[in-house]
Amino acid sequence: MSDNDHILHIGRISGSRLHLQTMLDQVVESAEKQLGADACALLLLDESKQTLTLKSSHGLWRSAVDAVRLPRGKGVSWRIVREKRPAALARAKDDPDFHFVPESGEESYTSMLGVPIIEEDECIGVIYVQSKKETRYSDEDISRLEKISRQVAGAIKAAWDMDRIKEKARVYTKLNGSSRLINATNDIEEIVRITANVASELIGAKVKAVWVADIDEKLKVKHFSESGSDPELLRPVCETVVTLATVSRETVNVADISADTRFEGLDIIAAVSVVCCPMIFEEQVVGAIVLADRITESPNYFVAFTSEEIHILAAIAQTAAQAVDRARTHQQLEEALEKNEQNVRELSILFQLSMAMRRTLNLEDLLRVILSCVTVGRGLGFNRAILFLVDESAGLLRGMIGMGPDSAEHAGRIWNDLEEQPPEDLVPWLLDHDIFEVKNSQFNRLARSLKFPVAGADIGAIISKVIGQKVAVNIEGAGDLEQSDMELLSAIGCERFAMAPLVVRDTALGAILVDNLYNSNPISGADMELLTRFAAPAAWAIENMKLFEKWVAESEERLDLEKQMVRVERMSTLGEVYAELAHELKNPLVSIGGFARRLISTSKSDKTSLKYASIIAGEVDRLETLLRNVLDLSKDVSIKRQENDLNFVVRDAVDFYSRILSGHGIKTHMDLDPDIDKVLIDAAWIKQVVINLILNAMEAMSCERHQALRNLSFTTQSRGSGVTLRISDTGGGIADEDFHKIFNPFFTTKSQGTGLGLSLCKKMVQLHHGSIEIDNKLGHGVTFTINLPGAPGISS
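Predicted model only: the values in this text are computed from it and were never measured. (Residues numbered from 1 in each chain as written. Predicted model: local features only at pLDDT ≥ 70, side-chain atom pairs only at ≥ 80, totals over all residues. Heavy atoms only, no water.)

*Asks:* Whenever I open this one, the packing of helix 18 (residues 683-701) against helix 20 (residues 757-767) confuses me. Can you help?
*Replies:* Their axes nearest at 9 Å, the elements helix 18 and helix 20 cross at an angle of 145°. Crossing handedness for the pair helix 18 and helix 20: left-handed. In contact with Trp685, Val689, Asn692, Leu693 and Asn696 of helix 18, helix 20 contributes Gly757, Leu758, Leu760, Cys761, Met764 and Val765. Tallied by class, residues from the contact of helix 18 with helix 20 come to eight nonpolar, three polar and no charged. (Axes fitted to C-alpha atoms, helices over the stretch in contact; angles between N-to-C directions. Helix = DSSP H or I, 4+ residues; strand = E, 2+ residues; numbered from the N terminus. Left-handed = near helix turned anticlockwise from the far one by under 90°. Contact = heavy atoms within 4.5 Å. Nonpolar A, V, L, I, M, F, W, Y, C, P; charged D, E, K, R; others polar.)

Have a look at this one:
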């Protein structure tokens with residue numbers, strides 16, 4: 001094709017309405033052919049005249065198009081733009097302005113001829129040809145390339161402007177859509193995620209990082225695209241470009257990190273370039289966005305960001321800044337609302353606690369209400385709590401009650417049950433619902449077993465501070481503890497806990513210990529303030545309840561004394577009647593005994609009659625003895641100890657009442673050790689002790705509450721130098737308020753009865769140099785343990 005033909009072809013290209021890329025591709029192909037070169041490339045300036053971008057090439061790698069970006073002042077092409085003059089280089093690599101672009105294919109070429117593309121005295125780009133062999137370009141070659149440049153300059157500028165308008169429209173459409181997404185949420189994390197994704201889609205960068213300022217205006221990383229990387233890697237970036245951008249409130253663009261000596265540490269995230277745009281709303285910096293290394297079609301080749309891309313990033317940052325500010329304002333409003341609700345909740349808790357004084361009738365219920373307020377979600381909401389009270393007589397801080405789940409599984413079940421919130425009137429609800437099953441709780445048993453010194457050398461540092469100095473403490477880890485606190489730490493099994501003293505009139509009554517073992521929530525300063533404020537009225541409630549219970553106990557004791565005096569007078573009167581009755585009963589008993597002994601002597605062949613006659617005779621003897629001892633109850637009881645088999649005495653008493661027990665549906669179980677030692681006892685009196693305990697058990701198990709299980713067990717075994725007898729029933733146990741009174745003379749819970757049965761049992765066992773103990777399991781039954789010394793240890 002002749003030169004004229006080439007000129008006509010170029011004219012047709014410039015006169016047609018081709019798409020920009022098609023036009024540029026045709027121009028470089030035609031220029032390459034017209035000058036007989038091996039390659040041709042065309043670069044265009046961005047809108048801000050800061051970057052030359054390879055827009056079309058023939059002979060270079062296709063992946064280099066749009067990837068090769070020369071920042072202002074770098075390379076021969078920028079010299080052509082600056083001087084608006086051609087550059088003909090026989091050995092391009094020897095030119096001081098030459099800049100080698102990797103991943104482009106230009107390493108195959110030696111010579112270069114480039115001319116500016118000028119439209120209306122404005123340079124809009126550069127077109128150049130390259131030859132593999134060393135070539136000295138003539139003036140005619142330069143003239144040809146300049147003519148091509150002049151012919152296409154106007155068309156390229158028009159198409160380039162139109163292309164940028166379309167790209168802006170696309171970007172603004174995308175920004176508008178992303179703005180709706182960003183503004184649709186008040187979650188800062190979600191806003192940051194959407195912002196990073198939009199920046200990636202519109203610009204494309206190897207690394208994306210977003211900082212957001214907190215309430216104290218300290219920047220914190222909220223998004224880092226290098227998954228699995230430590231955000232601490234970004235510290236040098238934050239201390240350099242991010243700080244400069246947020247302080248100056250201007251975008252910082254580092255087009256070549258190797259050439260820019262202002263910043264250090266950028267190579268941690270970038271190979272070529274970094275740009276940081278501050279997020280500013282209403283003159284307030286709310287964060288910053290950082291992009292590193294503009295990606296290209298070549299996976300290992302990165303370039304600088306163009307001014308258009310930086311403008312896009314600025315628009316994204318502005319939208320994100322407004323959304324973050326709005327979300328932060330929303331968050332502050334929610335926090336203020338939550339604080340207000342917390343204040344209302346606190347007032348409600350304190351009010352409910354004051355109401356507990358009027359509703360609860362004993363200290364146990366009050367302590368349960370207090371710890372319920374501490375652990376229930378609508379209260380203070382701690383996972384577990386222990387309430388300690390000071391035992392002044394023993395100098396100890398004792399655990400009184402523990403409330404909380406026994407395990408993580410138990411915690412989950414309880415919290416699920418509590419999702420249906422309790423009624424507004426919390427105290428009655430708590431009194432009716434033992435949500436933590438306190439009485440059967442392992443944690444409560446643990447709490448009740450705890451005791452710590454409150455004075456002396458053995459006192460722990462925490463106990464000393466809480467009880468001695470009356471100061472609340474918040475332990476955030478084992479490092480806050482001293483060696484003297486290790487016993488407390490080992491007992492509760494949680495390194496993070498808090499304790500607040502219960503103080504009345506400058507005296508510590510005890511303390512409340514709390515922790516969050518199962519959800520691991522930290523105990524904040526606000527939590528400590530609420531716990532401390534709660535502890536004050538709780539302490540007064542406990543003090544008032546203790547005073548009330550003391551008054552009630554003294555009143556009951558006074559009433560008991562009055563009742564006892566009445567009974568003493570009654571028994572004194574009855575004593576005279578008993579003396580007369582004893583004389584009246586003695587004669588028939590003697591006759592019955594005589595006839596029984598006569599039957600024994602005459603009925604030796606009839607074993608059944610002999611057995612019954614022997615029983616009658618034995619019981620007559622026992623009744624005669626009892627009559628004498630009842631009459632002498634106020635005097636010393638005489639006992640005659642002889643070597644006896646305790647198993648025989650027990651069997652004798654049980655056999656005598658076997659039919660009556662069976663008639664009441666009571667099953668007896670005998671586990672009598674045949675090898676036990678002999679004991680020195682008055683068999684009649686010990687038998688009477690066993691009978692009294694049998695009658696007590698039978699009466700307890702015969703009431704309507706104990707229809708399901710009625711068992712009476714007898715066990716004997718050797719114990720050191722003595723023998724032990726245990727009698728156990730399933731009669732439901734003894735009420736706590738009656739337990740300490742059961743051995744008192746004249747004390748009885750029966751409508752009829754003298755109240756002397758257990759008192760007599762205790763007296764008889766003690767006269768035998770033994771002891772009687774009670775194991776009371778409320779709701780199940782009672783075990784009486786009688787310890788008697790062995791025969792060799794006692795002289796009768």
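Anyway, onward from the coordinates.
*Asks:* Would you explain the sheet that holds strand 13 (residues 384-391) in this entry?
*Replies:* Adjacent strands of a sheet pair through backbone hydrogen bonds, lying either parallel or antiparallel. Pairing in this open sheet of six strands is antiparallel, and the strands run 15-14-13-18-17-16 from one edge to the other. For this open sheet the edge positions go to strand 15 (451-453) and strand 16 (473-475), each flanked by a neighbour on one side alone. Averaged over all adjacent pairs, the angle separating strand axes in this sheet is 25°, with direction ignored. Relative to strand 18 (residues 507-515), strand 13 is paired through six bridges, and the arrangement is antiparallel. Bridge assignment links Leu387 to a residue of strand 18, and that residue is Ile512. Packed on one face of the sheet, helix 11 (residues 442-449) meets strand 13, strand 14 (396-403) and strand 15 and runs near 170° to strand 14. (Pairing = 2+ DSSP bridges.)

*Asks:* Would you explain the nonpolar core in this entry?
*Replies:* Soluble, globular proteins show a tendency: their nonpolar side chains are buried together. In terms of nonpolar packing, the biggest core is built from 41 residues, with Leu646, Ile694, Leu712, Phe714, Phe784 and Ile786 touching the most fellow members. Broken down by secondary-structure element, the contributors of at least two residues to this core are helix 16 (646-656), strand 21 (679-681), helix 18, strand 22 (711-719), strand 23 (722-729), helix 20, strand 24 (771-777) and strand 25 (781-789). Contacts of Leu646, omitting those with residues within four sequence positions, involve Ile676, Val679, Ile681, Ile686, Thr716, Val723, Leu725 and Leu788. Core analysis: the next-biggest nonpolar cluster, separate from the first, contains 33 residues, Phe382, Ala385, Ala498 and Leu530 among them. (Core = buried A, V, L, I, M, F, W, Y, C linked by side-chain atoms within 4.5 Å. Buried < 20%, exposed > 50% of the residue type's maximum accessible area, 1.4 Å probe, protein only.)

*Asks:* Sorry, what's going on with the environment of Asn644 here?
*Replies:* Structurally, Asn644 can be placed in strand 19 (residues 642-644). The spacing of Asn644 and Ala791 is 147 residues in sequence and 8.5 Å in space, taken between C-alpha atoms. Excluding residues that lie within four positions of it along the chain, Asn644 makes contacts with Lys678, Val679, Ile681 and Ala683.

*Asks:* How should helix 12 (residues 461-468) be read in this particular structure?
*Replies:* An α-helical segment advances 3.6 residues per turn. Residues three or four places apart therefore align on the same side. Of all the positions in helix 12, only Ile462, Ile463, Val466 and Ile467 are classed as buried. When helix 12 is viewed along its axis, its buried side chains cluster within an angular range of 105° and face the same direction. Two residues or fewer after helix 12 comes Lys470, characterised by a positive phi angle close to 60°. (Arc of directions from axis to C-beta.)

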